[in-house]
Amino acid sequence: MERLTKIVATLGPAVASPEKVRALVAAGMDVARLNFSHGDHDLHRRFVEWVREAGQREKKTVAVLQDISGPKLRVGEVADGGISLRAGERVCLVPGRASAGGRRTIPINYPRLLEDLEEGDGVVMADGLIRMTVMERHPDRLVAEVRWGGDLASGKGVAFPETLLRLPPVTEKDRADLRLGAELEVDYVAASFVRTGDDVRAIKQLAGTAPVIAKVELAAAYQNLDEILAEADGVMVARGDLGVQLPLARLPIVQADILRRTNRAGLVSITATEMLESMTRSPRPTRAEVTDVATAVAAGSDAVMLSAETAVGDYPIRATEVMSEICAEMEKELLKEQGDPAVPYITAGGGTASAVARSAVDAAHNLGIDTVVAFTESGSTARILSKYRPRARIIAFTPVIRALRQTALYRGVTPIEFSRRDHTDLMFAAAEKILEREGICERDDLVVMVAGTPPNQEASTNLFKVQSIGERHRRSFAPQPRAVGRRG
C-alpha cells in the first residue's frame, strides 16, 4: 500500500546540495519547507532550483512551502551575553535591543512593552524554560518576579501568553521574503504568529496566488481559530510555541481539536515540531516519538513535518524514511480496523462539489474500487475528495502546473500532468490510457472519475462516473448490430 499522509521536510545546512535534496525526495519528501528565519535569499533560490530538479529526476511532484518569520519577539543583548535567573528574584524588563541598566535588566525587542503589559501578566522565555510574572509597572521599566529560573542568553524567544500585543502581522523582512517567494513561485506560504483572521488576510494580500497555511502557535490564534479557518487555506499545528503558550498537559487535546476543526472546514492540516527530534543526533527515534507521529496520523493530519531533523540533523535521509514507515504502518492499521477518520459533510467552498465528492468516495468504498480520478484546474476537487478520506488512492489530473504541485500536499493524492481536452468523454478516455500505461490500473479495473463540467474551467465539481478501464476500447471494436428495416 502506498503511503497516504504527506511528509513536509525542512531544508537547511544538512541537505544543502543537489544530491542531498534529491535523496530527500527519494526517501519520501512530498513538500520542501524553506524556513525564512534562517538562510539568505541566495540559499533559498538554490533550494528551490534543487527541489524542482530533484522532482524531475525522481519523476515525482514536490511542492515548496515558504515559511516566513513573522513578528517573533526575542530577548535583546543582555550583559555579558547571558544571565542566570533564580526563582523568587526580581528583574527589570525594558523595551529595546540592548541593556543599559545592569545585569538584572533584560531588554525585549518590543517597543510597546511598557504600554501593553499589566501587573499580573505572565512572561515566558527560552521556549518555556523560564517563567516570570509582572509585579510592578514604572514609566521606564517593568519589574517581574521569576517563577521558574534558569540560564537566559541573548536572542532567546519571549512570549506573553495572557497579553494581546499590538504587533503587525507582517514585518518588513516578511515583505521582502514574500516578494522573493512570488518570484520563485513557491506553492504555499506558512504564516507565523498569526492571531486573527485579519492577520491571515493581510498575509494573503502579499502572498499573491500562493495559498496561505496559518501556523497556530499562539494562544490567541487558538482562541480565534474559527475566524482563522474562514480566511486560511490550511493550518499547521506548530506545537513548539503553542506548548509554551498553553499548559503542556492540554497540548494533545488542543492538537486533536485543531486537526478536527481544520478537516471539517475542508482545509489542509499539518502537524509539526519535534516529531522525531531525537533523530537530529540519533539514527533511531524514541518510542514516544514513533507514537507521536502515529497519533498525528490517526487524528487526521494531511501531513506531518520534520524540522531540525532534516535541516541541521545528522541523519536527514534516515529521518525521512522513518517518518514514511511510521505513517504507512499506521495507515494500514487504520484501514484494517475501521477506515480512516472521515469528516462530516463539508459545506465550505460550495455544497454541490462536496456532495459529488462524498458520493464518489462512497461509491468507491461500496464497490471496492481502488482508484478515484479527479480532473481539476485549481486542485480543489482533489482536496475535497481527500478530506473525505477514501480508502482508494486519488489521482489528480491537471493541466495547471501550480495546481499540480499544490496537490502534492493533499493526503492520498498523486498528481499527474494532463493536457486539456474539449469534452468530458475525451478526458475520461485519455485518463484511461494513462492509468493503464503507468501501471496504476489494469484492463477491466473499475475507477471512479470525478470532474466539473464544462471542462477546462474552474467549474464546480458536478459529475462522477464509475468506469471500467478499456471500456471505450472494447466499445470501439465491438461488432455493431445490423440495422433491421421493413421491406417495402
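That block above? That's the structure.
Cut-offs and rules
- Residues numbered from 1 in each chain as written.
- Predicted model: local features only at pLDDT ≥ 70, side-chain atom pairs only at ≥ 80, totals over all residues.
- Heavy atoms only, no water.
- 1 Å grid on protein atoms, 1.4 Å probe; cavity = no way out; pocket = protein on both sides within 12 Å on 5 of 7 lines; lining within 4 Å.
- Points joined across faces, edges and corners; volume = space filled by probe spheres on them.
- Helix = DSSP H or I, 4+ residues; strand = E, 2+ residues; numbered from the N terminus.
- Nonpolar A, V, L, I, M, F, W, Y, C, P; charged D, E, K, R; others polar.
- Core = buried A, V, L, I, M, F, W, Y, C linked by side-chain atoms within 4.5 Å.
- Buried < 20%, exposed > 50% of the residue type's maximum accessible area, 1.4 Å probe, protein only.
- Pairing = 2+ DSSP bridges.
- Polar contact = N/O pair within 3.5 Å; in protein donor to acceptor, adjacent residues only side chain to side chain.
- Phe/Tyr/Trp six-rings, centres within 6.5 Å; stacked < 30°, edge-to-face > 60°.
- Patch = residues over 30% accessible without salt bridge, like charges linked within 9 Å, V, L, I, M, F, W, Y side chains within 5 Å.
- Areas by Shrake-Rupley, 256 points an atom, 1.4 Å probe, with all protein chains shown as cover.
- Salt bridge = Lys/Arg side-chain N within 4 Å of Asp/Glu carboxyl O.

**Details of the layout of surface pockets**
Empty space within the second largest pocket amounts to approximately 920 Å³. K59, K60, T61, T414 and P415 are the residues nearest the centre of the second largest pocket, which is lined by 29 residues in total. Going through the elements one at a time, helix 2 (41-58), strand 18 (393-398), helix 15 (401-406), strand 19 (413-417) and helix 16 (424-437) are the ones with two or more residues in the lining of the second largest pocket. Classifying every residue of the lining of the second largest pocket by side-chain character gives 12 nonpolar, 5 polar and 12 charged.

**Remarks on the nonpolar core**
Counting 52 residues, the largest nonpolar core has L11, M29, V189, I203 and I258 as the members making the most contacts within it. Top contributing element to this core by residue count: helix 2, with 6 residues. Core analysis: the second largest hydrophobic core is formed by 37 residues, V8, A190, V356 and Y388 among them.

**Notes on the pairing of strand 6 (residues 105-108)**
Residue alternation in strand 6 divides its side chains into two sets, T105 and P107 and I106 and I108, and both sets are buried. In terms of strand pairing, strand 5 (residues 90-95) meets strand 6 through 4 bridges, oriented parallel. The partner of C92 across the bridge, within strand 6, is T105.

**Considerations on empty space enclosed by the protein**
Throughout the structure, instances matching the rule amount to 2 cavities of 30 Å³ or more. Elements with a minimum of two residues in the lining of the largest cavity: strand 7 (122-125), strand 11 (158-159) and helix 8 (239-245). In the lining of the largest cavity, the residues fall into 5 nonpolar, 3 polar and 3 charged.

**Digging into the environment of N224**
Here N224 is to be found in the loop between helix 6 (219-223) and helix 7 (225-231). Among the residues examined, N224 registers a relative accessible area of 22% and is labelled partly exposed. Engagement of the side chain of N224 in a polar contact is seen with the backbone oxygen of R195, the distance being 2.8 Å.

**Here we look at helix 14 (residues 380-387)**
Counting buried positions along helix 14 yields 6 of 8 residues, so the element is predominantly enclosed. Three or more residues of helix 14 are buried, namely T381, A382, I384, L385, S386 and K387. Downstream of helix 14 by one or two residues, R389 has phi in the positive range, about 50°.

**Quick look at the packing of aromatic side chains**
This structure, assessed with the given rule, holds 5 aromatic pairs. For the ring pair F375 and F397, a centre distance of 5.7 Å and an interplane angle of 25° mean the geometry is stacked. Of this pair, F375 sits in strand 17 (residues 371-375) while F397 is found in strand 18, placing the two residues 22 residues apart along the sequence. Looking at F375, the relative accessible area reads 7%, which means it is buried. On the basis of relative accessibility, which here comes to 1%, the residue F397 falls in the buried class.

**Considerations on a nonpolar patch on the surface**
Taken together, L367, L446, F464 and V466 make up a surface patch of nonpolar side chains, about 310 Å² in accessible area. Structurally, V466 is set in strand 21 (residues 461-468). V466 gets classed as partly exposed once you look at its relative accessible area, which sits at 32%.

**Considering the sheet that holds strand 9 (residues 141-148)**
Spatially, 6 strands are ordered 6-5-9-8-7-11 in an open sheet, and the strand pairing comes out mixed. What marks the edges here is a single partner per strand, and that holds for strand 6 and strand 11. As paired strands, strand 7 and strand 11 are joined by 2 bridges and run antiparallel to one another. Considered in strand 11, the bridge of M125 is made with V158.

Everything listed here is a matter of coordinates, which is why it stays silent on function.
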